[in-house]
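Residue strings, one per chain:
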Amino acid sequence: MNILIIISQYLPAQTPNTLRWEPLARRFMAMGHQVTILTTLRRGEPNISEKNGIKIYRAGYNTFQDRLYDLMNTRNRRNETHAASSAGSGLFSTLVQKLVDKTWRKNYWPDGSKLFLKPGLRVGKKILKDEAITKIISVGLPFTCHLIARQLKERQASIQWHMDIQDPFSYSQEFWVNNFDKYEAKNLEEEALTFRLADSISVTNSNAMERYADIFPAQCHKLTVIPPLFHLDVAQHYEMYLAKNLTHLTYCGSFYSGVRSIEPFLKFLEKLKKHRPDLAAVIQFHLVGQMDRETSSLLSKYHEVRRLIVVHGFKNRAETFSCLEQTDLILNFGNTTDYHLPSKVVDFLYVSKPLINFITTENDSTRKFLEDKNIEVLHINLSKEITDQALDKFLEFTCAQRTVHTAATRAVADYTTEVIAEQYLA
């Protein structure tokens, strides 16, 4: 079959969607299928190229900010591993982002990838003809990718279209998609139409599926859960330079305003430091990932506990695994939502190290995912008052004597590229 994957960002960008779909695309090719990617423009990348036998077409921009990056020939940009930990945090960039927040972001629809919609549709029509496409997979968020696929489906009804929802759209009010005060009804109406036209639909967890089934009951038979994917190519070492006399706890990921803020954790560290003044001589925290402007600002604000934290910046997937392998314990920060499941949860199963899961809702999706898994985990609810007993429990869990953990290949057997690829093809 000839498959078209519509995805807002592709290599060299390193996003959760890219890290999922790039190995899946290669797997489809290895199984004898032809794969074409439709994605957005990126400086230094040709409009049409080929990588690993996969043809890549580029049109439009992922966001208005990405367009500015290209116009200004910006090297330090989001979602690329050579970027600094807080890409785009300079004064000019901050002013531009504030201007965009007050104008563009308040009015665009369906989302910040609107600049991909018309160019993507135009190139998509060409791809259908030139590449003899028989199947379409659209990956969202952004919802723009689903809109492109929907309009292509309307033009050629014989094409089988699978709608892959990595992050929900119409009910995701906590996670900024667009101006819900202005577009809430339109969001529901347009996603309902999209559900009617899609041949099949996947989400990453049961919470998201249950919500969609309640909203669009007539289409619930199309819904299925396809869980996060585990994939690791070539090992690549990143030296963290860990002091031997400390216990090291590492978080690999990003923070997002309103959904996964670092501030509750920093407040927790303040209480912990007050509870145990000698904390700096016992524990070191590490952040590996992309730091947005709000996170960088909060780290500066909480300067007393900032000394306990080492920021390593944005690393590629292989380097991130290297960090997880070197650390003593893993940290995870749950979302305020219960319908987003972090893609890295399957990485926890493979690394098989003790995990501290900081949550803000009792129905935390990571907590639910790990319930029947063989992993040592401590859940701490940061939305509740942190007591001295809770702090003692954290310290006891952190400093406990344990045997050395080794990678658990069998634990991720249900999440490999081969298994997940078969679920999409089915």
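Our structure's up above, just so we're on the same page.
A quick note: this is a predicted structure, and the numbers were derived from the prediction, not measured. (Residues numbered from 1 in each chain as written. Predicted model: local features only at pLDDT ≥ 70, side-chain atom pairs only at ≥ 80, totals over all residues. Heavy atoms only, no water.)

Engineer: Let's hear about the overall build of the protein: which residues, and what values?
Structural biologist: Of the regular secondary structure elements, the protein holds 16 helices and 14 strands. Compactness check: the protein gives a C-alpha radius of gyration of 22 Å against a globular reference of 22 Å for 426 residues, within 12% of the reference. Across its three principal directions, the C-alpha atoms of the protein cover 65 × 50 × 40 Å. Put simply, the protein has 426 residues, and 56% of those count as buried. (Helix = DSSP H or I, 4+ residues; strand = E, 2+ residues; numbered from the N terminus. Rg over C-alpha atoms; globule rule 2.2 N^0.38 Å. Buried < 20%, exposed > 50% of the residue type's maximum accessible area, 1.4 Å probe, protein only.)

Engineer: Can you break down unusual backbone geometry residue by residue, with the values?
Structural biologist: Along the chain, glycine 140 connects to leucine 141 via a cis peptide bond; the corresponding omega equals 0°. Along the chain, leucine 141 turns up in the loop between strand S5 (135–140) and helix H6 (143–155). Note the cis peptide between leucine 141 and proline 142, where omega equals 5°. Of note, proline 142 is situated in the loop between S5 and H6. In the Ramachandran plot, alanine 132 falls in the positive-phi region, its phi being about 50° despite a non-glycine side chain. Tracing the sequence through the fold places alanine 132 in the loop between helix H5 (114–130) and S5.

Engineer: Any details on the sheet that holds strand S12 (residues 329–333)? Residues and values, ideally.
Structural biologist: Taken in spatial order, the six strands of this open sheet run S11-S10-S9-S12-S13-S14, and their pairing is parallel. In this open sheet, the two strands that pair with only one neighbour each are strand S11 (309–313) and strand S14 (377–381). Going from strand to strand, the sheet's axes swing by 25° on average, the running direction of each strand aside. Both strand S9 (residues 247–252) and S12 contribute to a ladder of two bridges, which runs parallel. Of the residues in S12, the one forming a bridge with leucine 249 is leucine 329. (Pairing = 2+ DSSP bridges. Axes fitted to C-alpha atoms, helices over the stretch in contact; angles between N-to-C directions.)

Engineer: Give a description of the pairing of strand S6 (residues 160–165) that names residues and reports values.
Structural biologist: Successive residues of a regular strand alternate their side chains across the two faces of the sheet. Burial of S6 is extensive: five of the six residues sit out of reach of the surface. For the handedness criterion, the β-α-β arrangement of S5, H6 and S6 is classed as right-handed. One ladder, built from four bridges, connects S6 with strand S7 (residues 200–203); its direction is parallel. Of the residues in S7, the one forming a bridge with isoleucine 165 is valine 203. Once the chain exits S6 it traverses helix H7 (residues 180–197) before rejoining the sheet at S7, and the crossover so formed is right-handed. (Right-handed = clockwise from strand over helix to strand, strands pointing away.)

Engineer: Explain the environment of proline 12 to me, using residue names and the numbers behind them.
Structural biologist: In this fold, proline 12 is placed in the loop between strand S1 (2–6) and helix H1 (16–30). The spatial distance from the C-alpha of proline 12 to the C-alpha of glycine 44 is 9.9 Å, given a sequence separation of 32 residues.

Engineer: Quick one: what's the story with the sheet that holds S5, residue by residue and with numbers?
Structural biologist: As summarised here, the arrangement of the eight strands in space is S3-S4-S2-S1-S5-S6-S7-S8, forming an open sheet in which the pairing is mixed. In this open sheet, the two edge strands, each paired with only one partner strand, are strand S3 (48–51) and strand S8 (223–225). Each strand of the sheet is rotated relative to its neighbour by a mean of 20°, with strand direction disregarded. Bridge count for S1 against S5 is four bridges, and the pairing is parallel. Looking at the pairing, isoleucine 5 lines up with isoleucine 137 of S5. Here helix H8 (residues 206–215) sits on the sheet in contact with S6, S7 and S8, set at roughly 170° to S8. (Contact = heavy atoms within 4.5 Å.)

Engineer: Before we move on, could you go through the packing of aromatic side chains and cite the residues and values that matter?
Structural biologist: Tallying each qualifying case throughout the model produces 24 aromatic pairs. Seen from their ring centres, phenylalanine 64 and tryptophan 104 are 5.7 Å apart, and the 35° between their planes marks the pair as tilted. Pair noted here: phenylalanine 64 is in helix H2 (residues 64–71) and tryptophan 104 is in helix H4 (residues 104–107), with a separation of 40 residues, a long-range link. Its relative accessible area of 28% is what places phenylalanine 64 among the partly exposed residues. Overall, the relative accessible area of 24% leaves tryptophan 104 in the partly exposed class. Three or more aromatic residues link up through ring pairs in this structure, and these residues are Tyr251, Phe255, Phe265, Phe268, Phe285, Phe333, Phe358 and Phe394. Just above the ring of tryptophan 109 sits the side chain of lysine 186; from NZ or CZ to the centre is 4.4 Å. Over the ring of phenylalanine 369 we find lysine 373, and its NZ or CZ is 4.2 Å from the ring centre. (Phe/Tyr/Trp six-rings, centres within 6.5 Å; stacked < 30°, edge-to-face > 60°. Lys NZ or Arg CZ within 6 Å of the ring centre and 35° of its normal.)

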